[in-house]
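Here's the letter readout for the chains.
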Number of protein chains: 2
Amino acid sequence: MFSSGFAANLGAVTALSGAEAAIVTDKYIHASLIEGCRLSRSDVAAVAHATPSAIKHALATRRKPRALVVTDSVFSVDGDLAPLGELAGICRAHGAALLVDDAHGFGVLGEGGRGAAHAAGLSGAPDVVTTVTLSKSLGAQGGAVLGPRRVIKHLVDTARSFIFDTALAPASAAAALAALHALKEEPGLAEKVLENAGNLAMSLKAAGLKASMPDAAVISVQAPSAQTAAAWAAACAEQGIRVGCFRPPSVPDGISRLRLTARADLTESDVDRAVKVITATAPRGAAN
Amino acid sequence: MFSSGFAANLGAVTALSGAEAAIVTDKYIHASLIEGCRLSRSDVAAVAHATPSAIKHALATRRKPRALVVTDSVFSVDGDLAPLGELAGICRAHGAALLVDDAHGFGVLGEGGRGAAHAAGLSGAPDVVTTVTLSKSLGAQGGAVLGPRRVIKHLVDTARSFIFDTALAPASAAAALAALHALKEEPGLAEKVLENAGNLAMSLKAAGLKASMPDAAVISVQAPSAQTAAAWAAACAEQGIRVGCFRPPSVPDGISRLRLTARADLTESDVDRAVKVITATAPRGAAN
């Protein structure tokens, strides 16, 4: 347990790498993983997004004996899912460990929301480590690293963002635990998120907007420019619909977007209203 | 506001440095500041502990135009206070900014616990930035950076541990705010901490132990070895006195220690009992 998902990612990357290791990452990984790579003192190769062959090539041509592959499960900008099963196979064939940031999969994907690694059949794998945040689907604060016992022990002994940080506040830990219990009692909540995200995205596309089709809860809607994206998000907020705005430098491809996140408790009329407001406030050039 | 003091330190160091800057630090600074230095891409010089002349020399001989001096106010291992006024003068004379981690000073030092920078007359200085944690004297969670408005604006725009982290949980923010109000209403709490720390340290020294004389709430008691320090802390815990145990690699000088932190609400009999237990469980070689 860490005080944030950011701290969990820093701790996991740095404790599982080091000067004698190579790190290979999808270049669209979350900023907190990138910070971990910068702290790692490892050889770092960031390869093309969603290209397992590039991960494989980088592993095969590495100059260090040990290797760690780092990926988001669901990428935070477009909400697309990494091919975790394929990546795990490549890692095992090349003697690498796989670190999966499941911030956007945990509580949403897999049986009862057990996450993307579980959905890919990787739970309990000896060479797969998953990080999660307690502040997204669980609505609390904090982060966690899930993995083999010997990995957890190693993290406790060496992860500097664990050792030199204050432990998670009891109220936040208890809130996360209560949310976990709620999810266990009502596993359908996870499916409901996916259903709502799918409906939201399809309606936005039907209205002519450039919406991504979600693999989990995250939907991006492309905007013509950074300025129009910011104005669009502000116009939505004025009408009671809060959407994120991602623009350079925090988008890897330079394309500005609205970022929507579906929730389990959205009603059909909530979704309709969101689509109506987002469509009505769309800037010129936002439609296909 | 950050989700932890660790994240505040990462954000402040990285946002106020960069490839065109030199960083000069006391080599005993907290690990979170060291991580910030590693992420900074700056020239980093870590000089001898508590040696302003070494800071001055490093600033005078730097190869980069901009410079940041980084120090703890109260050092976390021995609890000694940095000469902040002198450091601020050196910084100003050499065109450097001063970043002070006041984790152990805030709520304890200065008028009503306003902290070490305030006590040194540096509040409101245009070239001094202070970081604090909400999880020590305020008993909550989170961290904050205090400084000129333009610095705060710059941090909001550029500090990656701010931008890419989840905001502090409302319950933790509210707990910190309530603690701040309590401190404002009862400013004597800060003095009481100092009084209790002084009494604790003097009693431990009188019992023959190698206790540091505290400048704030932190007292270290040297142990003969890492093993005896760990056993000593465990023996204290068994008797209901919880003390920290610092040993390599998390002590800068290789000396293992117990670390005690005094609180405002300790009674005379609490202090007596702590001294009695710590003395009774002391390993051979712990006494002067």
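Here, every reference points to the structure presented above.
The present account deals with the structure reproduced in this document. (Residues numbered from 1 in each chain as written. Chains lettered and ligands numbered in written order. Predicted model: local features only at pLDDT ≥ 70, side-chain atom pairs only at ≥ 80, totals over all residues. Heavy atoms only, no water.)

1. Some thoughts on the overall build of chain A
1) Next: Secondary structure assignment for chain A yields 11 helices and 9 strands.
2) Next: Against the globule reference of 19 Å for 288 residues, chain A gives a C-alpha radius of gyration of 19 Å, in line with a compact fold.
3) Next: Considering only C-alpha atoms, chain A reaches an extent of 55 × 40 × 35 Å along its principal axes.
4) Next: Burial statistics for chain A: of 288 residues in total, 51% are counted as buried.
5) Next: Look at the contacts in chain A between residues 6 or more apart in sequence, and 65% of them connect residues 24 or more apart.
6) Next: Summed over its atoms, the accessible surface of chain A is roughly 12,800 Å², and 54% of this surface lies on carbon and sulfur atoms. (Helix = DSSP H or I, 4+ residues; strand = E, 2+ residues; numbered from the N terminus. Rg over C-alpha atoms; globule rule 2.2 N^0.38 Å. Buried < 20%, exposed > 50% of the residue type's maximum accessible area, 1.4 Å probe, protein only. Contact = heavy atoms within 4.5 Å. Areas by Shrake-Rupley, 256 points an atom, 1.4 Å probe, with all protein chains shown as cover.)

2. So, the interface of chain A and chain B
Often, the extent of an interface is quoted as the loss of accessible area upon association of its parts.
1) Next: With 22 residues of chain A in contact, the opposing surface of chain B contributes 22 residues.
2) Next: Counting the surface lost from both chain A and chain B, the interface buries some 2,100 Å², and carbon and sulfur atoms represent 57% of this.
3) Next: Among the residues chain A hides against chain B, the three largest losses belong to Gln141, Arg160 and Phe164 of chain A. Together they make up 28% of the total.
4) Next: For the pair chain A and chain B, the interface holds 2 salt bridges.
5) Next: Linking Glu35 of chain A and Arg160 of chain B is a salt bridge whose minimum nitrogen-to-oxygen distance equals 2.8 Å.
6) Next: Remark: the boundary between chain A and chain B carries 6 residue pairs in polar contact (both at pLDDT 80 or more).
7) Next: Considered class by class, the residues forming the side of chain A that touches chain B number 9 nonpolar, 9 polar and 4 charged. (Buried area = accessible area lost by both parts, 1.4 Å probe. Salt bridge = Lys/Arg side-chain N within 4 Å of Asp/Glu carboxyl O. Polar contact = N/O pair within 3.5 Å; in protein donor to acceptor, adjacent residues only side chain to side chain. Nonpolar A, V, L, I, M, F, W, Y, C, P; charged D, E, K, R; others polar.)

3. Notes on the sheet that holds strand 3 (residues 66–72) of chain A
Residues and elements named next belong to chain A.
1) Next: Strand order in the open sheet formed by 6 strands is 2-1-3-4-5-6, and the pairing between neighbours is mixed. For this open sheet the edge positions go to strand 2 (43–47) and strand 6 (143–146), each flanked by a neighbour on one side alone. Going across the sheet, the axis of each strand differs from the next one's by a mean of 20°, ignoring polarity.
2) Next: Sheet analysis places strand 4 (residues 96–101) next to strand 5 (residues 128–133), joined by 4 bridges and oriented parallel. Bridge pairing links Leu98 to Val128 in strand 5. (Pairing = 2+ DSSP bridges. Axes fitted to C-alpha atoms, helices over the stretch in contact; angles between N-to-C directions.)

4. Some details on a nonpolar patch on the surface
Residue and element names in this part refer to chain A.
1) Next: On the surface, Val156, Phe162 and Ile163 cluster together into a nonpolar patch covering about 220 Å² of accessible area.
2) Next: Note that Val156 resides in helix 6 (residues 149–158).
3) Next: Val156 gets classed as partly exposed once you look at its relative accessible area, which sits at 42%. (Patch = residues over 30% accessible without salt bridge, like charges linked within 9 Å, V, L, I, M, F, W, Y side chains within 5 Å.)

5. Remarks on the side chain of Asn196 of chain B
1) Next: One can find Asn196 of chain B in helix 9 (residues 188–206).
2) Next: Not counting residues within four places of it along the chain, the set of residues in contact with Asn196 of chain B comprises Ala262, Arg263, Ala264 and Leu266 of chain B.

6. Describing the side chain of Ser3 of chain A
1) Next: Along the chain, Ser3 of chain A falls in the segment before helix 1 (5–15).
2) Next: A relative accessible area of 1% means that Ser3 of chain A is categorised as buried.
3) Next: One polar contact links Ser3 of chain A to Asp165 of chain A, side chain to side chain, over a distance of 2.5 Å.
4) Next: The contacts of Ser3 of chain A, once residues within four sequence positions are left out, are Gln141, Gly142, Gly143, Asp165, Thr166 and Leu168 of chain A together with Ser4 and Gln141 of chain B.

7. Quick look at the relation of the copies chain A and chain B
1) Next: With an axial shift of 0.0 Å and an RMSD of 0.0 Å, the rotation relating chain A to chain B amounts to 180°. In short, the pair behaves as if placed about a two-fold rotation axis. Closest to the rotation axis within chain A is the C-alpha of Leu39 of chain A, separated from it by 3.2 Å.
2) Next: A symmetric contact is evident, with 100% of the interface residues of chain A recurring at the interface of chain B. (Least-squares fit on C-alpha atoms with pLDDT ≥ 70 in both.)

8. Observations regarding the packing of helix 3 (residues 52–60) of chain A against helix 4 (residues 84–93) of chain A
Residue and element names in this part refer to chain A.
1) Next: For the pair helix 3 and helix 4, interaxial distance at closest approach is 10 Å and the crossing angle is 15°. One finds that helix 3 runs roughly parallel with respect to helix 4. Crossing handedness for the pair helix 3 and helix 4: right-handed. Contacts from Pro52, Ile55, Lys56 and Leu59 in helix 3 reach Glu86, Leu87, Ile90 and Cys91 in helix 4.
2) Next: Taken together, the residues of the contact of helix 3 with helix 4 break down into 6 nonpolar, no polar and 2 charged. (Parallel < 35°, antiparallel > 145°, perpendicular 65-115°, else oblique. Left-handed = near helix turned anticlockwise from the far one by under 90°.)

9. As for the pattern of salt bridges
1) Next: As enumerated under the stated definition, the model contains 16 salt bridges over all chains in all.
2) Next: Its salt-bridge partner being Lys192 of chain A, residue Glu195 of chain A comes within 3.5 Å of it at the nearest N-O pair. One end of the pair, Glu195 of chain A, and the other, Lys192 of chain A, are both in helix 9 (residues 188–206), 3 residues apart, so they sit about a helical turn from each other.
3) Next: Assessed through its relative accessible area of 44%, Glu195 of chain A is described here as partly exposed.
4) Next: Between Arg263 of chain B and Asp265 of chain B there is a salt bridge, with the nearest N and O atoms lying 2.8 Å from each other.
5) Next: What you see here is one network of salt bridges that share partners, running through Glu35 and Arg38 of chain A together with Arg160 of chain B.

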